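# A look at the structure
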Amino acid sequence: MASKPGAAKGGALLIASLTLAMATGATGTYSYATLSPFLLPSLGMTPGGMGLLFGGLYTVAAASSGVIGRITDRVDPTLVVLVGSACSLVGTLLLAASFSIIGLAASALFAGLAMAASNPGSNGMIAHRIPPGSRAFATGIKQSGATGAGLYLAVVLPGLAVAVGWRWASLAAVIIPILAVITVLIGRRSSQAAMEPEVTTDPHEPRRLTWLSWLAGYALLLGVATGICNGFYVLYAHSLGFGVVEAGLVFAVFAVLSVIARIVWARLSETTWSPAQLLGAVAVIGAISALLCLVAPAVGDWAVWFAAGMGGLSIVGWNALGMVTIMQNVKRDAVGVSASRMLRGFFVGLAIGPLTFGALVEFGGYSVGWLFQFVVLLLAIGVAYFFGRSLAMHTPPGSHLPREAL
């Protein structure tokens, strides 16, 4: 039986809302990253200072994610997305108005709140509006919104900054939260009825899931690696002699492959490959990416481009896998709090990564920083293995991801 045109339109609008919701959470991070060659001389900052800026943003996200996750399980998730989009807009405006580190810190505060709201809000919308069989695809698409924002900003902001200055260029980012608010509001007016409610979950159950603890540990390690890529790919390329626009394009390569990766990894989660195997593969590819950055000064600029591509395919792509695993293994009314537990680990890692990397660059150079990222990703391979063993004990024999239909 053919689907109704209205239903197809409503589904497309919902996917657009989810994608833009994720983009708002990443707007601050990618604005700082792509404009970093301009921010350092303009505001008298060093690579260590950039590490502090990213670390502060991610600390705010980590500190607020638990509260936001619990709120999402109790209210309409679209309200969380709207508030997060408003925070993203305020953060962007504060960035454009910044004349000191204090202004940047205020911008990072709102950007961190936007980041903390984007995943729980969008996950809640999926859990309440999309049936189990379609959630992996929807999750992959919406997770690509974050790196899609990075692609847009990496291509647009550096060239604009050269032409009109970085403050005016940063305002090009406001289109992302504005579009998010518009699509969510239109979607709320024309939305179909939500799915039937489920049996209420024991609110303490997510805390007792051992596999979720291992997943949060993996998220922490991948957060360290992701924070390094987000904060320093552009600066590193610039330090090797790349122009500011070319360095932005390195980050664009990272971003465009991240968009593809999140969709592909989410789709692979529906195959015979287990989540642990896929997470292990992510960490292996990411470790190779770190090695390429490490040897780039010796072997040539090509290694930076390949490192950015492999990093995009792996380090950032894991997020969709984690979200799908949670939605397949916990009840719908626990998705927000379960996702926030994983994301809290991820945000802590995001804070640790640039802070540590920036300090290592200050005292030992970029080679020490990339070696640190390589070691972190090797540890992630081991954590993925123990996560797989724990999830297998939780999952009944002969049943692949059995709780998705709950």
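Everything numeric in this text was worked out from a predicted model, so none of it was measured. Counting starts from 1 at the beginning of each chain's written sequence and moves along it residue by residue. Side-chain atom pairs in this predicted model are given and counted only at pLDDT of 80 or more, local residue features only at pLDDT of at least 70, and totals for whole chains, interfaces and linings cover all residues. Excluded from the side-chain calculation are hydrogens and water; included are all heavy atoms of the structure.

When its secondary structure is counted, the protein shows 15 helices and zero strands. Burial classes follow relative accessibility: with a 1.4 Å probe on protein chains only, a residue under 20% of its type's maximum area counts as buried, one over 50% as exposed, and anything between as partly exposed. Residues counted as buried form 56% of the 406 residues belonging to the protein. In what follows, residue pairs with any heavy atoms lying within 4.5 Å of each other are defined as contacts. By sequence separation, contacts in the protein at least 24 residues apart represent 85% of the contacts at least 6 residues apart. Only carbon and sulfur atoms are counted for the fraction: they give 72% of the accessible area of the protein, which is about 15200 Å². Under the DSSP-based scheme used, a helix requires at least four consecutive residues in state H or I and a strand at least two consecutive residues in state E, with every element numbered from the N terminus. Note on areas: these come from Shrake-Rupley sampling with a 1.4 Å probe, and a residue is covered only by the protein chains present in the view.

Here we take up the environment of Ser-239. Looking at the secondary structure, you find Ser-239 in helix α9 (residues 210-239). Here Ser-239 falls in the partly exposed class, since its relative accessible area comes to 45%. Separated by 202 residues in sequence, Ser-239 and Pro-37 place their C-alpha atoms 9.6 Å apart. Under the rule applied, a polar contact is a pair of N or O atoms within 3.5 Å (in protein, one hydrogen donor and one hydrogen acceptor; residues adjacent in sequence only if both atoms are side-chain atoms). Separated by 2.6 Å, the side chain of Ser-239 and the backbone oxygen of Tyr-236 make a polar contact.

On average, residues of the protein score 84 in pLDDT, and 88% of them reach the 70 mark or higher. The predictor attaches a confidence to each residue, and that confidence, scored 0 to 100, is pLDDT. A low-confidence stretch, residues 1-8 (pLDDT under 50), is modelled with one contact involving residues beyond four sequence positions or located in other chains. Confidence drops under pLDDT 50 across residues 193-204; counting only partners more than four residues distant or on other chains, this segment forms 23 contacts.

Further remarks concern the side chain of Ser-122. Within the secondary structure layout, Ser-122 lies in helix α4 (residues 101-129). Among the residues examined, Ser-122 registers a relative accessible area of 0% and is labelled buried. Discounting chain neighbours no more than four positions away, the residues touching Ser-122 are Leu-18, Ala-21, Met-22, Val-81 and Lys-142.

Inspection of the secondary structure puts Thr-183 in helix α7 (residues 175-190). Ignoring anything within four residues of it in the chain, the contact list for Thr-183 reads Leu-13, Ser-17 and Leu-20.

Moving on: the packing of helix α10 (residues 244-268) against helix α12 (residues 302-314). Put simply, α10 and α12 touch, their axes get as near as 6 Å, and they point 30° apart. Considered as vectors, α10 and α12 are oriented roughly parallel to each other. For the crossing formed where α10 meets α12, the hand is right-handed. Contacts from Glu-246, Leu-249, Val-250, Val-253, Phe-254, Leu-257, Ser-258, Ala-261 and Trp-265 of α10 reach α12 at Val-304, Trp-305, Ala-308, Gly-309, Gly-311, Gly-312, Leu-313 and Ser-314. Among the residues forming the contact of α10 with α12, the class breakdown is eleven nonpolar, five polar and one charged. In this analysis an axis means a line fitted to C-alpha atoms, helices contributing only their contacting stretch, and an angle means the value between N-to-C directions, from 0 to 180 degrees. Reported orientations rely on four angle classes, namely roughly parallel under 35 degrees, roughly antiparallel over 145, roughly perpendicular from 65 to 115, and oblique for the rest. Put simply, a crossing is left-handed when the front helix is turned counterclockwise from the back one by less than a right angle, and right-handed when it is turned clockwise. Think of it as three bins: nonpolar holds Ala, Val, Leu, Ile, Met, Phe, Trp, Tyr, Cys and Pro, charged holds Asp, Glu, Lys and Arg, and polar takes everything else, Gly as well.

Our focus in this paragraph is the nonpolar core. Counting 113 residues, the largest nonpolar core has Tyr-32, Trp-211, Tyr-218, Trp-318 and Phe-347 as its most contacted members. A total of 17 residues in this core trace back to one element, the largest contributor, which is α9. Once residues within four sequence positions are removed from consideration, Tyr-218 is found in contact with Leu-279, Val-282, Ala-283, Trp-318, Ala-380, Val-383 and Ala-384. Here, nonpolar core refers to any group of buried Ala, Val, Leu, Ile, Met, Phe, Trp, Tyr and Cys residues whose side-chain atoms link them within 4.5 Å.

Take the packing of aromatic side chains next. Only Phe, Tyr and Trp rings are paired, with Trp represented by its six-membered ring, and only when their centres lie within 6.5 Å; those with planes under 30 degrees apart are stacked, over 60 edge-to-face, the remainder tilted. According to the stated counting rule, one finds 19 aromatic pairs in the structure shown. An aromatic cluster is present here, built from Tyr-30, Phe-232, Tyr-233, Tyr-236, Phe-251, Phe-254, Phe-357, Tyr-366 and Trp-370 joined pairwise through their rings. Criterion for a charge above a ring: Arg CZ or Lys NZ at most 6 Å from the ring centre, at most 35 degrees from the ring normal. The ring of Phe-99 carries Arg-167 above its face, with NZ or CZ at 3.8 Å from the centroid.

This brings us to the environment of Val-253. Along the chain, Val-253 turns up in helix α10. Judged by its relative accessible area of 24%, Val-253 is partly exposed. Here the alpha-carbon distance between Val-253 and Trp-305, two residues 52 residues apart in the chain, equals 7.4 Å. Residues contacting Val-253, with those up to four places away along its chain left out, are Trp-305, Ala-308 and Gly-309.

Right, let's talk about a nonpolar patch on the surface for a bit. A cluster of nonpolar side chains, Tyr-152, Ile-175, Ile-178, Leu-179, Ile-182 and Ile-186, forms an exposed patch at the surface whose accessible area comes to about 470 Å². The class for Leu-179 is partly exposed, based on a relative accessible area of 38%. Residues qualify for a patch when their relative accessible area is over 30% and they have no salt bridge, like charges being joined within 9 Å and the nonpolar side chains of Val, Leu, Ile, Met, Phe, Trp and Tyr within 5 Å. Basic side-chain nitrogens of Lys or Arg form a salt bridge, by our definition, when they fall within 4 Å of a carboxyl oxygen of Asp or Glu.

Attention shifts here to the packing of α9 against helix α13 (residues 318-329). Where α9 meets α13, the axes come as close as 11 Å, and the angle between the chain directions of the two elements is 165°. Considered as vectors, α9 and α13 are oriented roughly antiparallel to each other. The hand of the α9/α13 crossing is left-handed. Where α9 abuts α13, its residues Trp-211, Leu-212, Leu-215, Tyr-218, Ala-219, Leu-222 and Thr-226 lie against Trp-318, Gly-322, Thr-325, Ile-326 and Asn-329.

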